[in-house]
There are 2 protein chains.
Amino acid sequence: MAKDMFLLWGSGSPPCWRVMIALEEKNLQGYQHKELSFDKGEHKSKQVLEINPRGQLPAFRHGTNLINDSVAACLYLENQFKSQGNPLIPSEQAEQALVYQRTLEAPNAQQKMIDVLTYTFRVPEEERHEATEKRNKEAATTEFQLWEGYLQKTGPYIAGKNFSMADVVFFPTLALAFPLGLSQKKYPKLGVYHGFLKDRPSIKATWPTHWMQDPPLKDPLKDL
Amino acid sequence: MAKDMFLLWGSGSPPCWRVMIALEEKNLQGYQHKELSFDKGEHKSKQVLEINPRGQLPAFRHGTNLINDSVAACLYLENQFKSQGNPLIPSEQAEQALVYQRTLEAPNAQQKMIDVLTYTFRVPEEERHEATEKRNKEAATTEFQLWEGYLQKTGPYIAGKNFSMADVVFFPTLALAFPLGLSQKKYPKLGVYHGFLKDRPSIKATWPTHWMQDPPLKDPLKDL
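Owing to the predicted nature of the structure, the values given are computational and were not obtained by experimental measurement.

Cut-off values and rules
- Residues numbered from 1 in each chain as written.
- Chains lettered and ligands numbered in written order.
- Predicted model: local features only at pLDDT ≥ 70, side-chain atom pairs only at ≥ 80, totals over all residues.
- Heavy atoms only, no water.
- Helix = DSSP H or I, 4+ residues; strand = E, 2+ residues; numbered from the N terminus.
- Rg over C-alpha atoms; globule rule 2.2 N^0.38 Å.
- Buried < 20%, exposed > 50% of the residue type's maximum accessible area, 1.4 Å probe, protein only.
- Contact = heavy atoms within 4.5 Å.
- Areas by Shrake-Rupley, 256 points an atom, 1.4 Å probe, with all protein chains shown as cover.
- Least-squares fit on C-alpha atoms with pLDDT ≥ 70 in both.
- Salt bridge = Lys/Arg side-chain N within 4 Å of Asp/Glu carboxyl O.
- Polar contact = N/O pair within 3.5 Å; in protein donor to acceptor, adjacent residues only side chain to side chain.
- Buried area = accessible area lost by both parts, 1.4 Å probe.
- UniProt positions renumbered as here; feature names shortened; annotations may be inferred.
- Pairing = 2+ DSSP bridges.
- Axes fitted to C-alpha atoms, helices over the stretch in contact; angles between N-to-C directions.
- Phe/Tyr/Trp six-rings, centres within 6.5 Å; stacked < 30°, edge-to-face > 60°.
- Lys NZ or Arg CZ within 6 Å of the ring centre and 35° of its normal.

## A closer look at the overall build of chain A
Helices and strands together make up the secondary structure of chain A, namely nine helices and four strands. For 224 residues, the compact-globule estimate of 2.2 N^0.38 gives 17 Å, and chain A sits close to it at 17 Å. Dimensions of chain A along its principal axes, counting C-alpha atoms only, are 50 × 45 × 30 Å. The burial tally for chain A puts 57% of its 224 residues in the buried class. Intrachain contacts of chain A at a sequence separation of at least 6 include 70% that bridge at least 24 residues. Per element, the accessible surface of chain A, about 10,000 Å² overall, is 52% carbon and sulfur.

## Some words on the relation of the copies chain B and chain A
Mapping chain B onto chain A calls for a rotation angle of 180° and an axial translation of 0.0 Å; the resulting RMSD is 0.0 Å. On this basis, the relationship between the two copies can be described by a two-fold rotation axis. When C-alpha positions in chain B are compared against the rotation axis, the closest is assigned to Glu127(B), at 4.0 Å. Of the residues that chain B buries at the interface, 100% are likewise interface residues in chain A, meaning the two copies contact each other through the same surface.

## Topic: the pattern of salt bridges
Taken as a whole, this structure holds 24 salt bridges over all chains when the rule is applied. Lys137(A) serves as the salt-bridge partner of Glu133(A), at 3.6 Å between the closest nitrogen and oxygen. One end of the pair is Glu133(A) and the other is Lys137(A), both in helix H5 (residues 130-154) and four residues apart, which spans about a single turn. Note on Glu133(A): relative accessible area 28%, which makes it partly exposed. Since its relative accessible area comes to 17%, Lys137(A) is described here as buried. Close ionic contact of Glu138(B) with Lys134(B) constitutes a salt bridge, the shortest N to O distance being 3.3 Å.

## What about helix H3 (residues 70-80) of chain A?
All names here are of chain A. Across the eleven residues that make up H3, a large majority, nine, are buried. For H3, the set of buried residues is Ser70, Val71, Ala72, Ala73, Cys74, Leu75, Tyr76, Leu77 and Glu78. Near the N-terminus of H3, the side chain that reaches the backbone nitrogen of valine 71, with its oxygen 3.0 Å away, is that of aspartate 69.

## Quick look at unusual backbone geometry
Looking along the chain, the bond that leaves Leu57(B) and enters Pro58(B) is cis, with omega of 5°. The amide bond that connects Gly155(B) to the next residue, Pro156(B), takes the cis arrangement and shows omega of 5°. Backbone geometry at Asn27(A) places phi at a positive 55°, although glycine is not the residue there. Mapping Asn27(A) onto the fold places it in the loop between helix H1 (14-25) and strand E2 (32-36).

## Comments concerning the interface of chain B and chain A
Taken residue by residue, the interface counts 35 residues in chain B and 35 residues in chain A. When chain B packs against chain A, close to 3,000 Å² is buried across both sides, 48% of that on carbon and sulfur atoms. Where chain B touches chain A, the interface holds four salt bridges. The salt bridge partner of Glu105(A) is Arg54(B), with a shortest N-O separation of 3.0 Å. On inspection of chain B and its partner chain A, the count reaches 17 residue pairs in polar contact (both at pLDDT 80 or more).

## A closer look at the UniProt feature "domain: GST N-terminal" (unreviewed entry) in chain A
The UniProt feature table records "domain: GST N-terminal" (unreviewed entry) at residues 3-85 of chain A. Regarding residues 3-85 of chain A, the helix share stands at 35% and the strand share at 20%, and the terminal C-alpha atoms are separated by 16 Å.

## Some remarks on the sheet that holds E2(A)
All names here are of chain A. Here four strands make up an open sheet; going across it, the order is E2-E1-E3-E4 and the pairing mixed. This sheet does not close on itself; its edge strands, each paired only once, are E2 and strand E4 (65-66). The sheet strands contacting H1 are strand E1 (5-10) and strand E3 (59-62), and the helix crosses E1 at an angle near 140°.

## Here's the deal with the packing of aromatic side chains
Describing an aromatic ring pair means giving the distance of the ring centres and the angle of the ring planes. By the definition in use, this model includes 22 aromatic pairs over all chains. Where Phe144(B) meets Tyr187(B), the ring centres are 6.3 Å apart and the plane angle is 70°; that geometry is what we call edge-to-face. Within this pair, whereas Phe144(B) is found in helix H5 (residues 130-154), its partner Tyr187(B) is found in the loop between helix H6 (165-177) and helix H7 (188-197), the two being separated by 43 residues in sequence. The buried category is assigned to Phe144(B), whose relative accessible area is 0%. In textbook terms, an aromatic cluster arises when at least three aromatic residues are bridged by ring pairs, as seen for Trp17(A), Trp147(A), Tyr150(A), Tyr157(A), Phe163(A), Phe170(A), Phe171(A), Tyr193(A), Phe196(A) and Trp207(A). Between Arg102(B) and the ring centre of Tyr150(B), over which it is positioned, the NZ or CZ distance is 3.5 Å.

Pasting the structure below:
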């Protein structure tokens with residue numbers, strides 16, 4: 001079944017990782033895939049642009065269907081393979097509400113983290129301001145505090161007692177944030193959550209290849 | 001059925017409008033609701049924070065279930081009321097793939113537009129740079145060009161031949177962009193799309209109240 005699926009991905013990208021976790025959870029191993037390098041600009045290559053006109057990874061194709069947005073791809077896979085692998089969207093109403101809420105809210109955490117990283121690494125020196133940097137860091141801090149609070153109320157998973165789509169979408173951001181300096185002391189519940197999820201088979205099987213040799217820098221999120 | 005639903009909303013906010021369109025499409029008229037004022041800071045009020053800890057609108061409750069992310073609320077409503085009102089996620093595989101893709105991709109258009117508006121109206125004068133403003137405008141232009149291209153390929157609706165969740169999520173951004181100066185001459189397909197969707201009953205019934213008396217400023221998106 002998975003042989004008609006094709007994924008172009010980059011190591012360490014939360015959106016790519018999400019799709020790979022969803023594929024594992026739905027027992028869709030055996031899909032075709034190719035790792036591309038962000039550093040070499042391969043996400044802007046013709047091969048990517050043919051699938052994803054945004055020139056971003058992931059670029060995902062199922063047969064002739066192109067689904068590049070990572071959350072869209074995850075929701076599509078769940079819907080198309082409902083009874084295969086692990087169910088990721090529960091049918092019980094209250095659980096479903098919480099899973100949809102956390103799933104669609106998780107990209108906020110990614111965005112606030114990326115705002116800090118972009119400002120640190122990408123915005124030209126002459127356009128940088130301490131006030132903006134401070135605002136970005138405060139927004140990211142507020143964001144991670146929200147998620148820490150969610151785990152206090154409804155853990156152990158990010159949307160309650162079962163693993164769900166919300167974990168598929170949220171976990172990769174957190175797993176990038178810790179090696180970039182997010183403090184497990186300041187966010188103990190998130191630390192525990194990260195600790196037990198990292199050994200889940202779907203996550204272990206898809207752990208970013210380059211982190212194994214070359215872990216990310218320790219600094220940019222240390223003040224959050 | 002809709003009597004156990006409660007929506008706090010602000011006029012002209014694309015995320016609020018989305019949820020209101022979805023409620024209409026699913027024949028869930030009769031829900032309780034209250035309009036709040038962004039200008040008066042009412043989105044940070046205790047009433048909102050009890051439902052939405054982000055202090056944002058919409059704040060939506062169905063029974064005891066809180067679903068505040070606008071796309072999450074729309075997906076939840078579709079899933080809970082599949083056979084009621086208009087189906088918003090098609091079951092045919094290729095159509096479903098496209099609808100998920102465009103639905104989850106639409107918040108990009110909102111974000112790029114908001115980046116321009118925030119930079120124009122919110123970032124303090126002393127932190128502003130022409131180069132940043134230019135980058136933001138270029139990114140928003142590229143974004144709206146993508147959507148113009150989608151309509152060229154697969155219209156008349158934003159994800160093909162039928163109205164879908166993708167329209168529910170995308171349309172409010174476009175309907176805000178035009179009165180803020182986006183040129184219908186430069187984006188003719190988007191103009192036609194806007195022209196026929198604005199009379200759809202679900203959209204007409206929920207058209208932002210304050211635009212009727214007090215249309216938005218004409219300027220900030222005119223260069224896109």
